[in-house]
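# Descriptive analysis of the structure
Residues per chain, in single letters:
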Amino acid sequence: MNNDKFLTHIPLLSADWGILLKVMLVVLVLVLLLIFIYDRFIQRKNQLLINYPLIGRMRYLFYALRGPMRQYFGDETFYKSFEKLEWINKVASGKNPYLSFSPSKPYGNEKTLFKHANFVKEVDEVQDEFTVNFGLNRDMPFVSQSIIGRSAMSDGAISPEGTRAFARGAFRGNFPINTGEGGLTSNFLATLNVEDCECTDYLEIKRGTWFARGVYRILRLVSNREVSQRVYRKMVVRQNDRGSFIFDNIKLLYFRIDWDINIEYFPHQIPLSVPDITFQMGSGLYGVRDDEGEFDAVRYQKVMRFARMTEVKLAQGAKQTGGKLLASKVSDDIAYYRGIPAHEDLISPNRFPYATDMDTFFDFISELQILSGKPVGYKIVISTKEDFETYAKALKARKESGKSIADFITIDGGDGGSATAPLEMMSKIGLPIREALDIVVSLLETYGLKNDIKIIAAEKVLTPDDIVELLCHGADFINIARGFMISAGCIRARECSGAGGRNCPVGLATMDEGKRSKYLVLEKAKHVANYHDELLHGVHALMAVMGKSKVSEFYMDDLILKP
């Protein structure tokens, strides 16, 4: 059989492509002509398109591509160098991060340098484990197995799949994860299996029929885990908030915490299979509020059966007002978690309801410490020495009168990040983290509080040298948001808010089910854990070169600050 005869058996290859191309060209010309007529003679909302019909639309095409494509062709001036971003992507995916020749930013332009020791140490001479003790005076103190944690990011601002990837990565890497002001949701308990629970009375369980389980097993053979679970979930959980259930891949069932069950059925010890969680309480009291929006002490106690400590958020670097979720992100799942109406804009109050003055606020913190028996601290932004001295004086007075004080303070720099914030507040309010730390450390030492309160620092931390620098400034623990976001797949498209119908293109910070469904939870969980591990490895390496055996040996004298 010759080639001509063979092609006649394949209609696609034997078709007359010349005619097809002509038809397509005619259709294209007609469409462009109709757009031209519409722009010039019909629409009266866009002046540019009236003057430049059709061609003017190219401006909006390029503008739409500007965000997603900026990481490839844009000028990365927000960070110290593009190499920092490249380092995160390399270590997260398990690649060698070493550079060749030199970075793009010259050494001489660095404003902060580290002192090299006269006699350096080998890496194995540096402390092997980095632990931080929080709340030694509480009934249940928390000993973090790392000096690094994932900073506050709410389930809702981050997609459910993204939250599960972070939770799995935190459990795998053995580091703490902060819930953000959206509260503790089932996605933070993604590593929990029913078999790990001492008692299942506090769980709401949905079991699949034999038919549904059979469909799931068949789909697992012919497709991937994400597709099979999505289909199985719709078969097993019929309610609108089905996304609030966790999948148990051993027993093939779905479950979530039943918050209406009496607290006596909740576990007295945190299940071993969940990560170390810091519960953040914001001004909206999400996850711990009653039907009237007031603080629910019993619900809080139930939440703290799964969390290690509590952080009360008074302020955030790039978002001094309360959190913001546009209606497109307030799904039925988020409404269930937060106890608010679904599909409506959610704008949290500016002021924390129990922070009208120092006494009221610190009394509330003491109440939380008693209710949970665990460490409680608060998150603020520093503006002036005088402002923070007001906190220091109040804390000292409480200590001298025998009252409990906060166990830690989280300092967020004025350049802290946020997925949704007003432009006029981004990088405009509060001091940068290094200046803020200097004020906090100095005043806590002056008022004799430094040994009682741990300091958590957060602001634009990406690589090990950023961590060491903040440790030298007096931080005890480092919270990271941006770095972990990039390790989890963020391409910095700046479409986190969901405004204008534009959503995170990788499915990490969106509630759009189409994009979320393609997010690789298990793969990105490995990347998150890899990033954390390499951060610690880098800190170890810097400590050895600087001649340090312990983190506690870092001081400001170890920095060379250039004018």
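This write-up is about the structure you can find in this document. This one's a predicted model, so the numbers in the text were calculated from it and none came from an experiment.

### Remarks on the overall build of the protein chain
If you tally the helices and strands in the protein chain, you get 18 helices and 17 strands. Classification of the 563 residues of the protein chain by burial places 51% in the buried group. Within the protein chain, residue pairs in contact and separated by at least 24 positions form 73% of the contacts whose partners lie at least 6 positions apart.

### Description of the nonpolar core
Formed by 114 residues in total, the largest nonpolar core has its most connected members in Ile-147, Phe-166, Met-281, Tyr-378, Phe-388 and Ile-467. Residues in contact with Ile-147, not counting those within four places in the same chain, are Phe-130, Val-132, Ile-467, Leu-471, Asp-476, Phe-477, Ile-478, Leu-536, Val-539 and Val-551.

### So, a nonpolar patch on the surface
Side chains of Val-26, Leu-30, Leu-33, Leu-34, Ile-37, Tyr-38, Phe-41 and Ile-42 sit close together on the surface and give an oily, nonpolar patch of about 800 Å² of accessible area. Mapping Ile-42 onto the fold places it in helix α3 (residues 17-42). Owing to a relative accessible area of 53%, Ile-42 belongs among the exposed residues under this scheme.

### Structural notes on the side chain of Asn-187
Looking at the element boundaries, Asn-187 is found in the loop between β5 (177-178) and β6 (203-207). Using a relative accessible area of 1% as the deciding quantity, one classes Asn-187 as buried. A polar contact of 2.6 Å, which involves the side chain of Asn-187, links it to the side chain of Asp-155. Side-chain polar atoms of Asn-187 contact the side chain of Arg-164, separated by 2.8 Å. Those residues in contact with Asn-187 that lie beyond four places of it in its chain are Asp-155, Pro-160, Thr-163, Arg-164, Ala-167, Gly-243 and Tyr-337.

### Description of the environment of Lys-526
Within the secondary structure, Lys-526 sits in helix α18 (residues 521-545). For the pair Lys-526 and Ala-170, spaced 356 residues apart in sequence, the C-alpha to C-alpha distance is 9.5 Å. Once residues within four sequence positions are removed from consideration, Lys-526 is found in contact with Ala-92 and Arg-172.

### Some details on unusual backbone geometry
Although it is not a glycine, Asn-174 sits at a positive phi angle of roughly 60°. Note on placement: Asn-174 falls in the loop between α7 (160-173) and β5. Residue class for Asn-174 comes out partly exposed when judged on its relative accessible area of 40%. The residue Lys-460 is not glycine, and still its phi comes out positive at about 50°. Locating Lys-460 in the fold gives a position in the loop between β15 (454-458) and α15 (464-472).

### Quick notes on the sheet that holds strand β8 (residues 253-257)
Across the sheet, which stays open at both edges, the 3 strands sit in the order β6-β8-β7 with antiparallel pairing between neighbours. Edge positions in the sheet fall to β6 and β7 (246-248), since each has one partner strand and no second. Going from strand to strand, the sheet's axes swing by 30° on average, the running direction of each strand aside. For β6 and β8, the ladder comprises 5 bridges, and the chain directions are antiparallel. Following the sheet pairing, Glu-204 is matched in β8 by Arg-256. Lying over the sheet, helix α9 (residues 225-236) contacts β6, β7 and β8, oriented at roughly 70° with respect to β8.

### Here's the deal with a positive patch on the surface
A contiguous patch of positive charge, built from Arg-230, Lys-234, Lys-515 and Lys-518, is present on the exposed surface. Residue Lys-515 is classed as partly exposed on the basis of its relative accessible area, which comes to 34%.

### Digging into α7
If you check α7, its first and last C-alpha atoms are 20 Å apart, about what 14 residues at 1.5 Å a residue would give, namely 20 Å. Counting buried positions along α7 gives 11 out of 14 residues, so the element sits mostly inside the fold. Regarding α7, the residues found buried are Pro-160, Glu-161, Gly-162, Thr-163, Arg-164, Ala-165, Phe-166, Ala-167, Gly-169, Ala-170 and Gly-173. As for α7, its buried residues are in contact with β4 (148-150), β5, α9, α16 (482-487), α17 (513-516) and α18. Following α7 by one or two positions, Asn-174 adopts a phi angle in the positive range, close to 60°.

### A look at the side chain of Asp-241
Summarising the element assignment, Asp-241 is placed in the loop between α9 and β7. Taking relative accessible area as the criterion, Asp-241 reaches 13% and is therefore assigned buried. Within the structure, Asp-241 has its side chain in polar contact with the side chain of Gln-239 (distance 2.9 Å). In terms of polar contacts, Asp-241 uses its side chain to reach the side chain of Arg-256, at 3.3 Å. Contact partners of Asp-241, with chain neighbours within four places excluded, come to Arg-256, Asp-332, Asp-333 and Tyr-336.

### Observations concerning helix α8 (residues 210-222)
The terminal C-alpha atoms of α8 lie 19 Å apart, and with 13 residues this matches the ideal 18 Å at 1.5 Å per residue to within 8%. By the burial criterion, the buried members of α8 are Ala-212, Tyr-216 and Leu-219. Looking straight down α8, one finds that the buried residues subtend no more than 65° of arc, so they occupy a single side. Across α8 from its buried face, at more than 90 degrees, point the exposed residues Trp-210, Ile-218, Leu-221 and Val-222.

### Examining the packing of helix α13 (residues 385-400) against helix α14 (residues 433-446)
Two numbers describe how α13 lies on α14: the axes approach to 10 Å, and their chain directions differ by 40°. With respect to each other, α13 and α14 are oriented oblique. For α13 against α14, the interelement crossing comes out right-handed. Across from Lys-385, Phe-388 and Glu-389 in α13, the residues of α14 making contact are Ile-439, Val-440, Leu-443 and Leu-444. A per-class count over the contact of α13 with α14 returns 5 nonpolar, no polar and 2 charged.

### Describing the packing of aromatic side chains
Two aromatic rings, taken as a pair, are described by how far apart their centres are and by the angle between their planes. Tallying each qualifying case throughout the model produces 30 aromatic pairs. Residues Phe-134 and Phe-408 carry aromatic rings whose centres are separated by 5.8 Å and whose planes lie at 80° to one another, so their mutual orientation is edge-to-face. Taken as a pair, Phe-134 in strand β2 (residues 132-134) and Phe-408 in strand β14 (residues 408-412) lie far apart in primary sequence, 274 residues in all. The exposure class assigned to Phe-408 is buried, which follows from its relative accessible area of 0%. Judged by centre distance (5.4 Å) and plane angle (85°), the rings of Phe-361 and Tyr-378 are edge-to-face. One end of the pair, Phe-361, is in helix α12 (residues 358-372); the other, Tyr-378, is in strand β13 (residues 376-380), with 17 residues separating them in the sequence. Tyr-378 shares its class with Phe-361; the two are buried. Site record: aromatic cluster; members linked through ring pairs are Phe-279, Phe-295, Tyr-300, Phe-352, Tyr-354 and Phe-364. Above the plane of the ring of Phe-166 lies Arg-150, whose end atom (NZ or CZ) is 4.8 Å from the centre. Between Arg-338 and the ring centre of Tyr-286, over which it is positioned, the NZ or CZ distance is 5.1 Å.

Cut-offs used in this document
- Going along each chain's sequence as written, the residues are numbered from 1 onward.
- Reporting in this predicted model follows two pLDDT cut-offs: at least 70 for local features of residues, and 80 or more for side-chain atom pairs to be given and counted; totals over whole chains, interfaces and linings ignore these cut-offs and use all residues.
- Remark: hydrogens and water are excluded; side-chain values derive from all non-hydrogen atoms of the structure.
- Segments assigned H or I by DSSP are reported as helices when at least four residues long, segments assigned E as strands when at least two residues long, and all are numbered from the N terminus.
- When a residue's accessible area, from a 1.4 Å probe over protein chains only, is under 20% of the maximum for its type it is buried; when over 50% it is exposed; and in between it is partly exposed.
- It only takes one pair of heavy atoms within 4.5 Å for two residues to be counted as in contact.
- Only buried Ala, Val, Leu, Ile, Met, Phe, Trp, Tyr and Cys residues count toward a nonpolar core, and they belong to the same one when joined by side-chain atoms within 4.5 Å.
- For patches, a residue must show more than 30% relative accessible area and have no salt bridge; joins then use 9 Å for like charges and 5 Å for nonpolar side chains, namely Val, Leu, Ile, Met, Phe, Trp and Tyr.
- In short, Shrake-Rupley with a 1.4 Å probe defines the accessible areas, and a residue's cover is counted only from the protein chains shown.
- Whenever a carboxyl oxygen of Asp or Glu lies within 4 Å of a side-chain nitrogen of Lys or Arg, that contact is scored as a salt bridge.
- Any pair of N or O atoms that falls within 3.5 Å is considered a polar contact. Within protein, one atom must be able to donate a hydrogen and the other to accept it, and sequence-neighbouring residues count only if both atoms are side-chain atoms.
- By the convention used here, strands pair only if DSSP detects at least 2 bridges between them.
- Inter-axis angles, ranging from 0 to 180 degrees, are taken between N-to-C directions of lines fitted to C-alpha atoms, where helices are fitted over the stretch in contact.
- By the counting scheme adopted, Arg and Lys are positive, Glu and Asp are negative, and His together with the chain ends is not counted.
- Where a charge lies is defined by one atom per residue type: Lys uses NZ, Arg uses CZ, Asp uses CG and Glu uses CD.
- Multiplying one less than the number of residues by 1.5 Å gives the expected span of a helix.
- Taking the helix axis as origin, the arc is that swept by the directions to the C-beta atoms.
- If an angle is under 35 degrees, it is roughly parallel; if it is over 145, roughly antiparallel; if it lies from 65 to 115, roughly perpendicular; otherwise it is oblique.
- We call a crossing left-handed when the near helix sits turned anticlockwise from the far one by less than a right angle, and right-handed when that turn is clockwise.
- Here the term charged refers only to Asp, Glu, Lys and Arg, the term nonpolar to Ala, Val, Leu, Ile, Met, Phe, Trp, Tyr, Cys and Pro, and the term polar to all other amino acids, Gly among them.
- Pairs were defined over the aromatic rings of Phe, Tyr and Trp, the Trp ring being its six-membered one, requiring ring centres within 6.5 Å. Orientation was assigned from the angle between planes: stacked under 30 degrees, edge-to-face over 60, tilted for the rest.
- Definition used: whenever NZ (Lys) or CZ (Arg) falls within 6 Å of the ring centre and also within 35 degrees of the ring normal, the charge is taken to sit over that ring.

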